[in-house]
Amino acid sequence: MNTNINLLSPYKLGHLELPNRIVMAPLTRQRAGEGNVPHQLNATYYVQRASAGLIIAEATQVSPQGQGYPYTPGIHSQEQVEGWKLVTDAVHQYGGRIFLQLWHVGRISHPDFQPNGELPLAPSAIAPKGQLLTYEGMKPYVTPRALETSEIPEIIEQYRKGAENALAAGFDGVEVHGANGYLLDQFLRDGTNQRTDNYGGSVENRARLLLEITEAVVGVWGAKRVGVRLSPSGTFNDIQDSNPLVTFGYAAQALNQFDLAYLHIFEAIEADIRYGATVVPTSHIRERYKGTLIVNGGYTREKGDAVLAKGEADLVAFGTLFISNPDLPRRFALNAPLNEADTTTFYGGGEKGYTDYPTVEEQHPSLVGAK
Ligand SMILES: Cc1cc2nc3c(=O)[nH]c(=O)nc-3n(C[C@H](O)[C@H](O)[C@H](O)COP(=O)(O)O)c2cc1C
């Protein structure tokens, strides 16, 4: 127990000096402009949150095939690189640090999002249960097409190129999105990966794509500017695995080979437990992974301080609280009240529920004055 370490303590993350240990979790807000290009409104939103120790910008598709939701940003065209520059320049001007989360949705897509209306790509031809939101409303998921072994180098190349574009766009680093039932999680887990080539079967084979993509991205950025996100207990997007303790224990251990900036764990949340998830305790990951660990999922100020003091993690990421409290570190420092997030404005739309949450100065001037 080290009670000197809390959310407001600084932390050296690779080359970056973080003023606090409060990370903004990646948050899809579906507000990119035409052509999946970030624009001024997105820059305003991230600038408002620049006091985070680190911002991890929202999941961003590395290729047109990687998209599965309306109005999510990409990082595969020159216009998108220019759009992201608006964001990174603004965040840097306000003293912040920002990584980009690199994303491919795999089977969590629909022909409506795919070039030439083709089938979404996945490790195996297994459809997710349920429906998804397209530009024309809700539609059932389709059975995806299993990637040929010969197509896998192209997927790795898309991530490598995305990483290169993120570098050109002025980010401070990138996070490989290996969580939440998207492509890399689909490869990791045997519920979605029934391949018989080198990318399926054993846990070593199922983790191969994650590791090869991490290696490619590290080749662009250097390991200390690359993070990986995993959700070992996650059930979102109809994802399952027969033995997540073994699968994610192996993945965490194998990631040690790179000496990354961090491993980011989205822990079990209530919905996963209701769904009957096999919970992978973070201690299981901490015992195997040697580097910086970020934890996330339902944290409050108190829970965050406690996990840091106990040395169970190095940094804590906040999602929903950062949506509704742009100045979250300052609110923690002042013990100020926190705003509730309006869930109806999470996805899509404009300024409402995006850039119009007040700062503590605007909301509680007396609190700030008294300090
Ligand atoms: C609106 C919304 C969008 C999200 N988008 C992403 C995303 O783009 N990438 C990702 O890895 N997780 C995403 N998540 C999950 C969050 O990063 C985070 O793990 C989750 O909100 C739990 O943390 P919290 O309890 O602090 O909110 C999203 C969550 C929400 C509520």
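Residues numbered from 1 in each chain as written. Predicted model: local features only at pLDDT ≥ 70, side-chain atom pairs only at ≥ 80, totals over all residues. Heavy atoms only, no water.

Draft legend 1. A look at the overall build of the protein. In terms of helices and strands, the protein carries 14 helices and 14 strands. Whereas a compact globule of 371 residues would reach a radius of gyration of roughly 21 Å, the protein reaches 20 Å, a difference of no more than 12%. Overall, the protein is about 65 × 45 × 40 Å in size when its C-alpha atoms are taken along their principal axes. A buried classification covers 60% of the 371 residues belonging to the protein. A sequence separation of at least 24 residues applies to 72% of the contacts in the protein between residues at least 6 apart. A total accessible area of about 14600 Å² is found for the protein, and carbon and sulfur atoms account for 51% of it. (Helix = DSSP H or I, 4+ residues; strand = E, 2+ residues; numbered from the N terminus. Rg over C-alpha atoms; globule rule 2.2 N^0.38 Å. Buried < 20%, exposed > 50% of the residue type's maximum accessible area, 1.4 Å probe, protein only. Contact = heavy atoms within 4.5 Å. Areas by Shrake-Rupley, 256 points an atom, 1.4 Å probe, with all protein chains shown as cover.)

Draft legend 2. Summary view of the packing of aromatic side chains. If you walk through the whole model with that rule in mind, you get 12 aromatic pairs. An angle of 50° between the planes, with centres 6.4 Å apart, marks the rings of Y46 and W84 as tilted. Placement of Y46 in helix α1 (residues 40-48) and of W84 in helix α2 (residues 78-93) is noted, with a sequence separation of 38 residues between them. W84 matches Y46 in its accessibility class, with the two residues each being buried. Each residue in the set Y45, Y46, W84, F171 and Y354 is aromatic and connected to the rest through ring pairs, giving one cluster. The positively charged end of K303 is found above the aromatic ring belonging to Y299, 4.5 Å away from the centroid. (Phe/Tyr/Trp six-rings, centres within 6.5 Å; stacked < 30°, edge-to-face > 60°. Lys NZ or Arg CZ within 6 Å of the ring centre and 35° of its normal.)

Draft legend 3. Looking closely at the environment of R31. Note on placement: R31 falls in the loop between β3 (22-24) and α1. Separated by 40 residues in sequence, R31 and Y71 have C-alpha atoms that sit 5.6 Å apart. Those residues in contact with R31, other than ones at most four positions away along the chain, are H39, N42, Y71, T345, F346, Y347, G348, G349, G350, K352, G353 and Y354. Polar side-chain contacts of R31 include one of 3.1 Å to the backbone oxygen of K352. (Polar contact = N/O pair within 3.5 Å; in protein donor to acceptor, adjacent residues only side chain to side chain.)

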